[in-house]
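Structural features, examined
Read off the chains here:
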Amino acid sequence: MSEQTTTGQRTASSQDSEPHLSRSLSNRHIQLLAIGGAIGTGLFMGSGKTISVAGPSVIFVYMIIGFMLFFVMRAMGQLLLSNLNYKSFSDFAGDLLGPWAGFFTGWTYWFCWVVTGVADVIAIAGYANELWPGIQLWIPGIATIVILLLLNLPTVKAFGETEFWFALIKIVAIVALIAVGLVMILTGFQSDAGTASFTNLWSHGGFFPREFMGFVAGFQIAVFAFVGIELVGTAAAETKNPEHNLPRAINAIPLRVMLFYVGALIILMSVTPWTEFQAGHSPFIGMFSLAGLGMAAMVVNLVVLTSAMSSANSGIYSTSRMVFGLANDGDAPKLFGRLSSRKVPQNALFLSCVLLLAGVALLYAGKDVGVAFDMVTTVSAVCFMFVWSIILASYLVFRKRRPELHKSSPFKMPGGIPMVWVVFAFFAFLVWALTTQSDTLTALLVTPLWFAVLGAAYAVVRRSPLHQARVAEWKAMADAETASAR
């Protein structure tokens, strides 16, 4: 039996029994969704700490992480386009690696975004307190969750439109920062920290002032800035013309990393020496304040708050879609597999919003907002690395089991199998980097508890009739592939 026939059988059986998401996200939505996913709270809020621990070497940190994750995205794109019935990467993980992989990937990705959403709620409360000193932190926290729920309930197109404008605001802010910074550098702007000049990049201890371990410390913080880069994969089932739009969004990632991350960081550290940056303070706001643009600094504060809102918005979207897919695979309660009349998984949306309330509670649990933010972002980064690794492992199995589909793919991953092992080695380096600091080591040691909980849950879920039916479907597909290979 051919691959096309097998896929057709799966399509027929699945389409009859499953509710369908609507393909309403256009090219401009998916392009800005990719940018919004790649520019998150980690850049606006976390870059102050990253610069303070790594110095100018942080430029190379962001370049290396962006370079490695580009290959993860290309592998994901090739797999999603090999079978348009895949709703997200948890689908191809379950198909290629086995039902356990779909379960662990789906729920871990859901957990990643819930944790990231919690971090965003914490960040939003912190920025709101700067804009309106003395405000009770729970007020902006609750308001954020209610607003995001109302933005996501109408239609997926409403989400796409909201995220489009959120991402556009972030882009304008970064371009404005680069433009203002360039003027300050070219005019030799003077401040208490010295003269704005590109020489600030190497005149305060060189590019590696903290030596190798400082460079390593930059990775553990910077990796969180890239979480969400795979968001276009979650939106695959709701993307118009995915064969055209997904490759365009993925291929633009290196240029975006160079402009929005590397470009902004070069300007920031040229205007102000890296020794002046502090954790918990946004370098973006600091630079506009330094330029004497008080109103602009306030506007940037609002932009940074918008960025955190954008990230939380993406999190609520992706978690609801992931739970929806898990419910249709028998890996989550059926309640979350239902769509509203507008093709929105509203029950899954409510679940995500309720869990974001943990962010409000966490605001009062730690010493300050910065400590709480660092704690949850480390756990999130580790879990995202697991998801990225599953994507690469799925690619390896895809190459082995479906060589014909790989050969005919118009969107192949550059570097192929050898590059997968290079990225795996990089992830191993990142895990080691997390062990070098006490706070990130604690979060790293706590993270396996999540996988222990998932293992116990899977032992129960695997016995459900719907899950067993999906397993039988995947097994039939595998048997058909084996027969056709002979």
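Residue indices begin from 1 for each chain and proceed along its sequence in written order. Two thresholds apply to this predicted model, a pLDDT of at least 70 for residue-level local features and 80 or more for giving and counting side-chain atom pairs, whereas whole-chain, interface and lining totals are computed over all residues. Each side-chain value is worked out from all heavy atoms of the structure, with water and hydrogens disregarded.

**So, the packing of helix α20 (residues 438–446) against helix α21 (residues 448–461)**
- For helices, the fitted axis covers only the stretch in contact; all axes are lines through C-alpha atoms, and the angles between them, taken along N-to-C directions, range from 0 to 180 degrees. Helix and strand assignments come from DSSP, with helices taken as H or I runs of at least 4 residues and strands as E runs of at least 2, each series counted from the N terminus. Put simply, α20 and α21 touch, their axes get as near as 4 Å, and they point 10° apart. The angle between α20 and α21 falls in the class roughly parallel. Contacts between α20 and α21 involve L444, L445 and V446 from the first element and P448, L449 and W450 from the second.
- Each residue receives one of three labels: charged for Asp, Glu, Lys and Arg, nonpolar for Ala, Val, Leu, Ile, Met, Phe, Trp, Tyr, Cys and Pro, and polar for the others, Gly being one of them. Residue composition of the contact of α20 with α21, grouped by class: six nonpolar, no polar and no charged. Oblique is the label for every angle not falling under 35 degrees (roughly parallel), over 145 degrees (roughly antiparallel), or within 65 to 115 degrees (roughly perpendicular). In this description, contact between two residues means that some pair of their heavy atoms is separated by no more than 4.5 Å.

**A short note on the packing of aromatic side chains**
- Within 6.5 Å between ring centres, the rings of Phe, Tyr and Trp (the latter by its six-membered ring) count as paired, and their orientation is classed by plane angle as stacked under 30 degrees, edge-to-face over 60, tilted in between. Scanning the model with the defined rule gives 29 aromatic pairs in all.
- Arranged with centres 6.0 Å apart and planes meeting at 70°, the rings of F219 and F426 form a pair that is edge-to-face. Here F219, found in helix α10 (residues 211–222), pairs with F426, found in helix α19 (residues 416–434); they are 207 residues apart in sequence, far enough to count as distant.
- In this structure F426 comes out as buried when scored by relative accessible area, which is 7%. Only protein chains enter the accessibility calculation, which uses a 1.4 Å probe; a residue is then buried when its area is under 20% of its type maximum, exposed when over 50%, and partly exposed in between.

**A look at the side chain of N313**
- Locating N313 in the fold gives a position in helix α15 (residues 294–328).
- By relative accessible area, N313 is classed as buried at 0%.
- Excluding residues within four positions of it along the chain, N313 makes contact with L148, N152, F159, T162, E163 and F166.

**A look at the side chain of S394**
- Position of S394 among the secondary structure elements: in helix α17 (residues 369–401).
- For S394, a relative accessible area of 0% gives the class buried.
- Among the polar contacts listed, one links the side chain of S394 to the backbone oxygen of I390, at a separation of 2.8 Å.
- The contact partners of S394, leaving out residues within four places of it in the chain, are L79, F92, A93, L96 and L97. Identification of polar contacts relies on pairs of N or O atoms within 3.5 Å, with a donor-acceptor requirement for protein atoms, meaning one able to donate a hydrogen and the other able to accept it, and with residues adjacent in sequence counted only if both atoms are side-chain atoms.

**Observations regarding α10**
- In a regular helix each residue adds 1.5 Å, so 12 residues correspond to 16 Å; α10 covers 17 Å between its end C-alpha atoms and thus fits that length.
- α10 sits mainly inside the fold: nine of its 12 residues count as buried.
- Looking at α10, one finds that the buried residues are G214, F215, V216, A217, G218, F219, Q220, I221 and A222.
- On its buried face, α10 sits against α4 (47–54), α5 (58–82), α19 and α20. Under the convention used throughout, the expected extent of a helix is 1.5 Å for every residue step, that is, one less than its residue count.

**Looking at the confidence of the model for the protein chain**
- Every residue gets a pLDDT, meaning the predictor's confidence in that residue, from 0 to 100. Predicted confidence across the protein chain gives a mean pLDDT of 79, with 83% of residues reaching 70 or more.
- Averaged over each element, pLDDT in the protein chain is lowest for helix α1 (residues 3–17) (40) and highest for α19 (94).
- Scored below 50 in pLDDT, residues 1–17 shows 21 contacts in the model against residues more than four places distant or in partner chains.

**Quick notes on the environment of R74**
- When you line up the elements, R74 lands in helix α5.
- Residue classification places R74 among the buried residues on the basis of a relative accessible area of 11%.
- As a C-alpha pair, R74 and L392 span 318 residues in sequence and 9.7 Å in three-dimensional space.
- The contacts of R74, once residues within four sequence positions are left out, are I250, N251, F411, K412, M413 and P414.

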